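So you can see what is in the structure, the chains are spelled out below.
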Amino acid sequence: MKAVVYHGSGKVSLEEKAYPHLEDPGDAIVQVTLTTICSSDIHIKHGAVPRAVPGVTLCHEFVGIVVETGSGVKNVKPGDRVAVNVETFCGTCFFCRRGFVNNCTDEHGGWALGCRIDGGQAEYVRIPFADNGLTLIPDHVTDEQALFTGDILSTGYWAADIGEIRPADTVAVIGAGPTGLCTMACARLYSPAKIIAIDTDEYRLRLAKERGLADVTLVPGKDRIQERVLSETRGRGADVVLEAAGGKDTFQTAWQIARANAIVVVVAMYEENQILPLPAMYGKNLTFKTGGVDGCRCGEIMELIGAGKLDVSFLISHRCDLSRIMDAYDMFENKKDHVMKFGITP
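Quick caveat: nothing in here was measured; it's all calculated off a predicted structure.

Thresholds, definitions, all that
- What you see as residue numbers is a count from 1 along each chain, following the sequence as written.
- For this predicted model, a pLDDT threshold of at least 70 governs which residues receive local features, and a threshold of 80 or more governs which side-chain atom pairs are given and counted, while totals over whole chains, interfaces and linings are taken from all residues.
- Side-chain numbers here rest on the full set of heavy atoms in the structure, without hydrogens or water.
- Comment: elements are numbered from the N terminus, with helices defined as DSSP H or I runs of at least four residues and strands as E runs of at least two.
- Based on C-alpha atoms, the radius of gyration is set beside the globule rule, defined as 2.2 Å times the residue count to the power 0.38.
- Relative accessibility under 20% of the residue-type maximum defines a buried residue, over 50% an exposed one, and the middle range a partly exposed one, all with a 1.4 Å probe and only protein chains included.
- The criterion used for residue contact is that any of the two residues' heavy atoms lie within 4.5 Å.
- The method behind every accessible area is Shrake-Rupley, applied with a 1.4 Å probe, and residues are considered shielded solely by the protein chains displayed.
- Residues scored as positive are Lys and Arg, those scored as negative are Asp and Glu, and His as well as the terminal groups of each chain are ignored.
- Charge coordinates come from a single atom per side chain, which is NZ of Lys, CZ of Arg, CG of Asp or CD of Glu.
- Joining through side-chain atoms within 4.5 Å is the link that ties buried Ala, Val, Leu, Ile, Met, Phe, Trp, Tyr and Cys residues into a set, and such a set is a nonpolar core.

**As for the overall build of the chain**
Moving on, step 1. Helix and strand counts for the chain stand at 12 helices and 15 strands.
Moving on, step 2. For 346 residues, the compact-globule estimate of 2.2 N^0.38 gives 20 Å, and the C-alpha radius of gyration of the chain, at 20 Å, lies within 12% of that figure.
Moving on, step 3. Seen along its three principal axes, the alpha-carbon backbone of the chain occupies a region of about 60 × 40 × 40 Å.
Moving on, step 4. Across the 346 residues in the chain, those meeting the buried criterion constitute 53%.
Moving on, step 5. Considering only contacts in the chain between residues 6 or more positions apart, those separated by 24 or more positions represent 69%.
Moving on, step 6. Total accessible area computed for the chain in this model is approximately 15,000 Å², and 48% of it derives from carbon and sulfur atoms.
Moving on, step 7. Counting 35 positive and 44 negative side-chain charges, the chain places the centres of these two groups 6 Å from one another.

As C-alpha cells, then:
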C-alpha cells in the first residue's frame, strides 16, 4: 500500500509499505477514506519532535472505515465509519483515569499515531486501544465534517475548556491558522462577549470574521496590539488568552495582552524554547496552562457536529489524492495559494 514515511533529517516520502495487521486483541484495522496534513507533521519533518521514529508513517488526523477488529474490541465493528483520535490511550492507568490521556503510560499511549507508530497518510492503519481511540460517525455527518474531530477540533475544545471561559468574557486567540480557527469555534460554545483574533495573515483573519468566529481582528505590525486589546476591554486586557500561533514573539504577546488574574492557555507547539519573564509579569497573577491536548472528548465533539453546532469543514481549502501528497506537503508547509487544510483521498 502507499504511505508517507518520515526518514529523519527533514525527509519524508511517499512509498510502498506493508499492510498493517492486528497485533493485540484491542486493535482495529481502519481503511482510510480521508486524511490531511497537520502542522505537527511539519514539526516532525523539521526534527522538532524528538520522539518521532524514523520509518514511521505520518499523520494522526483522519477518518475511515473499520475493516477488522481484535477479539477484545466491543465498541466498533467492521463497516463502521469512524474518526480517529490523535491519541491512543489505555483508559486504565493513573493519568487516563483522571482524563489526562496525553500522558497515558502505556508504551503506545499518548501521541503515538504518526509519531511513534504508523499513522494515517496511508491506505490502512492499525489503531491500538480501538474502543478508546475511534469515534463513530453518524450517517448524516460527512467525512469532511468529521475529519478534524480527533485532532485540531479536540485541541480547540480542550483549550476552551481549560481556559475556563465564562459568558461575556473577552477571549483573545493568537493565530488564525486551522488550529486557531478551531479554537475560536470552540470558544464560541461558551458565549463570550467578544473574540479577538490576532494574526499576521489578513486572509485568514477575514475568514475568521466571515465565518463568525471572530468579532475583532488585529494584525501585528499594522495594529498596536496591546493598545487595541486594552481599548476593546475597557482598559483591563483579555479575560482569557489562547495562544495557537507558536511564533517567535507570540508567547510574549499572550501574557502582555492578558488582564490581571487572567488565564493564558498555550495551545501552540514551539520549535524553540520560550522565556518566562517573571519580573516583568510580577503582580499580574496570571495562570498559565500548557501542554498537549487531552483528546478524550471526541464523542461530545461528534455530537455537536451532528447537531450542527460545530462545523469547521470550511477549513478544507484544497483536495487531492494520495498520489499527489508530496505536492500538497510543499503547498501546506509554504502556505501557498492561501491553503488552510487539505482533504486527501487514498
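**A look at the nonpolar core**
Moving on, step 1. Of all hydrophobic cores here, the largest spans 72 residues; its most connected members are L153, L181, M184 and L315.
Moving on, step 2. Examining the composition of this core, we find that 7 residues originate from one element, helix α5 (residues 152-162), more than from any other.
Moving on, step 3. Apart from residues lying up to four places away in sequence, M184 is in contact with V173, G175, A176, I195, A197, A208, L213 and A214.
Moving on, step 4. With 21 residues, the next largest nonpolar core counts I198, V216, A254 and Y270 among its residues.

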